[in-house]
Amino acid sequence: MDLSGCSFTELSYSTLFTTYLNDYDKLSSFYEFNPLDEADIERRAKVLSGARQKDAYIEALRKYHDELGISSSQTDQLKKLGKEDALVVVTGQQLGILGGPMFTIYKTMAAILLARNYEEKLGRPVVPVFWLADEDHDFDEIAWTGITGRKDFTKIHLNEEGSGKPVSDELVTGRIEELKSKVKEELFDTDFSEALWSQINEHYKEGKTHAQAFAGLINQWFAEEGLLIAGSNFAPVKKLLNDEFSASISKADVIYEAIEKKSSELENDFHRQVMNGDSNLFYLSETEGRQKLNREGKGWKAGKKSWTEEELLEEIQERPEKFSPNVFLRPVIQDTLLPTLGYVAGPGELAYYGQMKDFYKQFDLQMPPIIPRFSATIIESGISRIVEKLPFSFCEYGKRIEDLESEFIEQTDTVDIEQVFGDWKQKLEDSAEEPLQVINEIDPTLDGTVGKTVAGFGNELDKLKGRVYRSIKKQEEIQLNRIEKIKVNLFPDGGLQERSVSPVYFMNKYGVDIWNELLAEIEKEGLDLTKHHLIEL
């Protein structure tokens, strides 16, 4: 493997994200810690002696792991977390089918490597944690996988709709076989296909929940690297969160203002990632699915159900499992349950954390360092070879295919074929004048024959010119096909590879252990989170 990279500023990353990395001081009023400053990480570690609910959460996690079917492989991680001075580096993601897009892998590897690095530097146990987005209810967002197939990039969708309840509770149905069959059609059979499909079939099968399927796969890929799987959509966990859920209602006005203040300040130079609302809770209705809690006069409403504030707070205390946090409240819950040294975030997450600094304070918490995830594009050997034959840099392939083709033709159209053959014909005609005079003096009757001969030379030149044009067009077609192939592999679906291609594609070609090998390679080279990496296989 060959690791190189390019600047985030050359790619389609937000101004907020690039400013955060390159000029943190401009954003320091929105975050508590500079994640790239070792002193700030040490400062965070010093104030963390645990979490309010850590011990109780560990017990709940044991039951949760039983529920997910991964309990035996998580024992050592829970034991390590149980140590008095243990810390965690957390990342998380939606429960994308077959592991979601590649950035799920990169986030996970970053959390693992950062945990190892901080454990060595701080002299304290640090556990990498993958927090399942098990409260999320947007089924459409997870119900697809992307494969760079035999001819093009293909986004393969699961042909069914969600019920409106949290995705983690949705059952994997028989429709999963149709999706798997389509994925197989796009992939070539390799020496690794059997092992890969053994893994997939073990976890993605009818009757399992999407939480069980996703967690099982991630656990199989990374449990041996020390990764702990966590989440909150589990009744014994929700019982630990009554106070946080209640506060999100009883302090709703203050919380709204805390989020709105930072969001408005952020909008002076950037943009708010998430809109603010009346509350940060959803109600899990058996008939209507996950419904947002909104004010109704002096009371509250979710779908068709209404409460007075007193009634709502009472139901939260009695049945916390009926409630679910939104995008703002989820991190607070995470940091109530875990001693979070840092959170590994994608650009979008990093942006909404910028709205939350004062929100954290309403729960007597401090926002942890928000660490940018590892970012990369894998360049296979077949692509590397043809990239070298074209005049574009990696970042330029982010442009539209039409623009790339036009630029290529403009760059390569340096020879004026018409001019070359026009000059040649003129020289031929000029050079024929003197011999024509000599032949006319010898035998004037040959004048017509000489003219036909000279004209014949011209016709042959026209034929040759046509062949040259066809040759150029053929060469251009070869290069234009190469441009399209590179574009499909490096920027499929109009965006970076990491945002759309499934890990399954690479595992099928290079082995089910590819992520462990890549993790070791990055660890050897040193984890660099300040640029987008190009990984040549």
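Residues numbered from 1 in each chain as written. Predicted model: local features only at pLDDT ≥ 70, side-chain atom pairs only at ≥ 80, totals over all residues. Heavy atoms only, no water.

Some thoughts on the sheet that holds strand β12 (residues 323–325)
Spatially, the three strands line up as an open sheet ordered β8-β7-β12, and their pairing is antiparallel. What marks the edges here is a single partner per strand, and that holds for β8 (289–292) and β12. Direction aside, neighbouring strands of the sheet carry axes that sit 35° apart on average. Bridge count for strand β7 (residues 281–285) against β8 is four bridges, and the pairing is antiparallel. Across the sheet, serine 285 pairs through a bridge with glycine 289, a residue of β8. (Pairing = 2+ DSSP bridges. Helix = DSSP H or I, 4+ residues; strand = E, 2+ residues; numbered from the N terminus. Axes fitted to C-alpha atoms, helices over the stretch in contact; angles between N-to-C directions.)

Notes on helix α5 (residues 102–122)
Spanning 21 residues, α5 covers 30 Å between terminal C-alpha atoms, matching the ideal 30 Å at 1.5 Å per step. Among the 21 residues that make up α5, 15 are buried, leaving the element largely enclosed by the rest of the structure. Just beyond α5, the residue with positive phi is glycine 123, at close to 70°. (Expected span 1.5 Å × (residues − 1). Buried < 20%, exposed > 50% of the residue type's maximum accessible area, 1.4 Å probe, protein only.)

Some points on the layout of surface pockets
In this structure, the largest pocket occupies an estimated 1,200 Å³ of space. Contributing to the lining of the largest pocket are 47 residues, with Gln93, Gln94, Asp136, Glu141 and Glu349 lying nearest its centre. Of all the secondary structure elements, the ones that give two or more residues to the lining of the largest pocket are β2 (87–93), α5, β3 (126–132), α6 (139–142), β4 (144–148), β8 and α15 (347–353). Among the elements that take part in the lining of the largest pocket, α15 stands out by supplying four residues, more than any other. By residue class, the composition of the lining of the largest pocket is 16 nonpolar, 18 polar and 13 charged. The volume enclosed by the second largest pocket comes to roughly 390 Å³. Contributing to the lining of the second largest pocket are 21 residues, with Thr148, Gly149, Arg150, Lys485 and Asn489 lying nearest its centre. Elements supplying a minimum of two residues to the lining of the second largest pocket: α17 (381–387), α20 (447–490) and α21 (503–510). The biggest single contributor to the lining of the second largest pocket is α20, with five residues. (1 Å grid on protein atoms, 1.4 Å probe; cavity = no way out; pocket = protein on both sides within 12 Å on 5 of 7 lines; lining within 4 Å. Points joined across faces, edges and corners; volume = space filled by probe spheres on them. Nonpolar A, V, L, I, M, F, W, Y, C, P; charged D, E, K, R; others polar.)

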